[in-house]
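# Coordinate inspection notes
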Amino acid sequence: MPVLCSACTEKRAVLKRPKTGHSLCKECFFWAFEEEVHYTIVAAQLFKPGETVAIAASGGKDSTVLAHVMKLLNERYSYGLKLMLLSVDEGITGYRDDSLETVKRNQEQYELPLKIVSYEELYGWTMDAIVKQVGLKNNCTFCGVFRRQALDRGAIILKVDKICTGHNADDVAETVLMNVLRGDVARLRRCTAISTASEGEGVVPRCKPLKYSYEKEIVLYAYFKKLDYFSTECIYSPNAYRGYARTFLKDLESIRPSSIMDIIHSGENLCVREGVKMPVQGTCKRCGYISSQALCKSCVLLEGLNRGLPKLGIGKHHRLHDKILSQQPLTEKEERKLKSVDF
Amino acid sequence: MCQVVEEYPDQLERADLPSVSKKCGKCKEASTAVVIRTADTYCRGCFKEYFVHKFRATLGKNRIIFPGEKVLLAVSGGPSSCAMLNQVQEGLNQNAHKKLRFLPGIIYIDEGCAVNQTVEERQRKVSELQAVFKAAGFPFHIMPLEQVLDLPNSVVVAAPSPSEQLASTYKAAVDHFIQAKRSNDLTAQDQEETSVPYVQESHTQRLQQLIGSAKTLTAREDLLNTLKQHLLVHIARSKGYSKLMLGDNCTRLAVKLLTSISLGRGAQLAQDTGFSDSRYGDIIVVRPMRDYSANEIASYNHMFNVPCVVIPSLNTKTPDRASVHCLTESFVTKLQVDFPSTVSTIYRTSEKLQTAGRSSISTNLCDRCLLCMCTMDTAVEKASAFQATQVSTQLSQAKPTGSKNTGPEQPTASGQCCSGAGTEGCGSGVGCCSSASVKTPDLKSLLCYSCQLTIKDMLSVEHLPAYILSEAQRRLRRFRMREDISEFLLDDGDEGGDV
Amino acid sequence: MAAPIAIHLEFGGGAELLFEGLKEHRVTLPSQLEPWDMKQLLVWIQRNLLKERPELFVQGDSVRPGILVLINDADWELMGELEYQLQDQDNIVFISTLHGG
């Protein structure tokens, strides 16, 4: 005996909503999903009429659904936004080149302009080349740091006012857990913010319209809407420690499906004790990007790659920043420590 | 997507094999008996000194327990609370260096009914504990959990804290205490022979019915903890204690912190896991064991023959995924094996947090959760997880007027569930309050985010103890009254409709 | 005695990688005493189709959390999950949510 939709009370339900436990039919689900994103956009005042907004598009499920819903809501509610797609080509053969094909199809389907910025043109290094030098241990650090800046650089080339990313509720909840497990109170406080204001020169404000959308619903939305997305895991193995948090989160969700929202609620209501040291944001002395150190992470990593000392940006070597800035040579001992190691 | 701006250096070291040196790391003479972390090795004597010092240092540093104050130790029979009892005994010992100067008493809550123990089993455990308590020489109280059914309303009302005791007054109090040179010895107070209150079978059944009305083990554990906490506070209050000591250790608190986050208790985290918790006003909860790991305590108890009594709990012998509490515990335990800094890192997070926003000394009743008595965390901004869930609920249920194109208007501020939409609005009856009977109050608006989740997992709230239900009625009446009055007080400038 | 049934299995969202990249599988479940249910199907898949790393697909006697299951295009949570009794020509879809973003 089929379960009926709890909203229209007529049609057969196709999914049970993890957030509330309700059952919805396909039509009511589409409507609810879209309206919720709309509510989030309006309630958090993510955009202003007339703004140009770049959708960070990877070809994966989240950004594909984001692009689809943003275009739809922009028309349904006349946001008056100029939307475009912004992709980063990390230079990973067999992974990113395939997913970029998906983005290019999206560009045609949604009739949105697309800009692709590549690590190679920005940094002179592809991820394939980076992995060759640093191995598979810390490569995700390079990729993450470079991507963050690459999106900003792309956004500036496109002259957009804002970037929106496909981070969903599961991602935010997972980040809350990660920051607790790492004892990173500064990030713990920031990570549930739905948008970040421009933090300085060269940093474009970002927001997460899917912050309260469950991954389950995003995947089902894409499935029922037959959206074209790419779903291969990055060939350079994902972060193992994050894997623990992900598994824990999924287990939690299976016990109490509202857990993901509950964790976000926790994160939104945490308060850091006064007197706990917080890093001070400054700017990088070399490229002007925001940084709490003399050199931003990206410049340190790049310096390490170019000097053949890949470990320079891994771990804490703040004391060497001045040396790098003034182009002094490193001592032999320092060099030895920063050489690539066993893998 | 290897998303979420992955810029963390992989600084988490994995477990290295301990390179145990044969000698104690402290005195460098005696041979090692305990390894706390790979770096810390202790011989028997130094370990004891370290353990004892830590207890007094924790109390001394926090300056929260005043000399001559009556302190109630909550002892469950488990290793941690028994080690706490042992430390208090040691500290009150005439010969102790840096002697403790408070007046301890013991409370044990017999929760046998929650795990369906027979009367005989319960009695056996109680007499085992009685022997331990008698040996300790402090006054003790043994209460069956059933007593919670007869608590007065005042339990869920925070009492005003007696004159603010500031750190500066602490020293004066110590001096005063020493001058008074109490003639009668502290530890030699006559131990009142507490007989265990008689438990009516009907009470046991009622309590079991209440716990059984929670559909999930997660909600059951939460409910049980809340009731236990109420009973502890009530006993402390009625017997004249002003501090309540809990035996939570560092490992336990790390699990509790992660559990609390998972249950949506982020706003209450500092109170739930910190050294002291003043949510009850007159009774301050203190956690002096929070600097010890479970391993340290186990080693200590074993080496120095600290007696413990194993009592089964609600989640004993349940699979990992039976509840949020069980899952979190097994997650932290397993992670700790691979990454030995896990517990201490999580624990350090707790030290950097404080209770959110408005000052916690708010006296307004409606600002406190009816169950956990923490400051309410549901009056939040429009863009929040709480509101997003409300919007989802509204969009997922049948609209009374059937109009589909009314986008999400401003959702009602608090807990409007299926208002009159009837059963069909609730789908398969999951997650809605449809079946709540007429006479039981709608508690939602009186509860914090997390306690709302617990109640949502209950078939009905009618089995809740009378003190909770009648206090709920009272608050709802007051709330309505204030609403009525505010209509008269409002000016034209503020549209009265949306109060 | 239940007759053999033919069903259509589909793996997506990255789950197909555990099945040699093959998204669609038309299979016939042999006849057996009692009717086939989802629990038995998972065991059958593990024995007959799953090529590598079963822990990425199953956990205990259910699917790994994070893999969505649709029975005839409806969330299996609405259909009784493991207890659902399979019918001839059923369409079962497994979508991983754990891959890519």
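Residues numbered from 1 in each chain as written. Chains lettered and ligands numbered in written order. Predicted model: local features only at pLDDT ≥ 70, side-chain atom pairs only at ≥ 80, totals over all residues. Heavy atoms only, no water.

To continue, consider the environment of A:I290. Residues and elements named next belong to chain A. Inspection of the secondary structure assignment puts I290 in strand β11 (residues 290–291). We classify I290 as buried; its relative accessible area is 11%. A sequence separation of 107 residues divides I290 from G183, and the C-alpha atoms of the two residues are 23 Å apart. (Helix = DSSP H or I, 4+ residues; strand = E, 2+ residues; numbered from the N terminus. Buried < 20%, exposed > 50% of the residue type's maximum accessible area, 1.4 Å probe, protein only.)

Turning our attention to helix α7 (residues 250–262) of chain B. All names here are of chain B. Relative to the 18 Å expected for 13 residues at 1.5 Å per residue, α7 spans 18 Å between its end C-alpha atoms, a close match to the ideal helical length. Of all the 13 residues making up α7, 10 are buried; the element is thus mostly covered by neighbouring parts of the structure. Taken together, the buried positions of α7 are C250, L253, A254, V255, L257, L258, T259, S260, I261 and S262. Sitting at the head of α7, N249 places a side-chain oxygen 3.1 Å from the backbone nitrogen of T251. One or two steps after α7, the chain reaches G264, where phi turns positive at roughly 80°. (Expected span 1.5 Å × (residues − 1). Polar contact = N/O pair within 3.5 Å; in protein donor to acceptor, adjacent residues only side chain to side chain.)

With that settled, the discussion passes to the interface of chain C and chain A. Note on interface size: it is often stated as the accessible area lost on association of the parts. On the chain A side, the residues contacting the 24 residues of chain C number 27 residues. Together chain C and chain A conceal approximately 2100 Å² of surface at their shared face, both sides included; 55% is due to carbon and sulfur atoms. Our count for the contact surface shared by chain C and chain A stands at two salt bridges. Linking A:K216 and C:E77 is a salt bridge whose minimum nitrogen-to-oxygen distance equals 2.8 Å. (Contact = heavy atoms within 4.5 Å. Buried area = accessible area lost by both parts, 1.4 Å probe. Salt bridge = Lys/Arg side-chain N within 4 Å of Asp/Glu carboxyl O.)

A few words on the sheet that holds strand β4 (residues 82–89) of chain A. Residues and elements named next belong to chain A. What the six strands build is an open sheet, ordered β5-β4-β3-β6-β8-β7; its pairing is mixed. Only two strands of the sheet have a single partner each, and these edge strands are β5 (114–118) and β7 (195–196). The sheet contact formed by strand β3 (residues 52–56) and strand β6 (residues 162–164) spans three bridges and is parallel. Across the sheet, I55 pairs through a bridge with C164, a residue of β6. This element, helix α2 (residues 61–76), spans β3, β4 and β6 of the sheet and lies at about 155° to β3. (Pairing = 2+ DSSP bridges. Axes fitted to C-alpha atoms, helices over the stretch in contact; angles between N-to-C directions.)

Counting residues in each nonpolar core, the largest one holds 56 residues, and the members touching the most others are B:L207 and B:L464. Those elements giving two or more residues to this core turn out to be β3 (70–74), β4 (103–110), α5 (201–212), α6 (217–238), α13 (449–456) and α14 (466–489) of chain B. At 10 residues, the largest contribution of residues to this core is made by α6(B). With sequence-adjacent residues up to four places away left out, B:L207 is seen in contact with B:C113, B:L145, B:E146, B:V148, B:L149 and B:L227. Counting residues in each nonpolar core, the second largest holds 55 residues, with A:Y79, A:A222, A:F224 and B:A383 among its members. (Core = buried A, V, L, I, M, F, W, Y, C linked by side-chain atoms within 4.5 Å.)

Any link to function would need more than the numbers given here.
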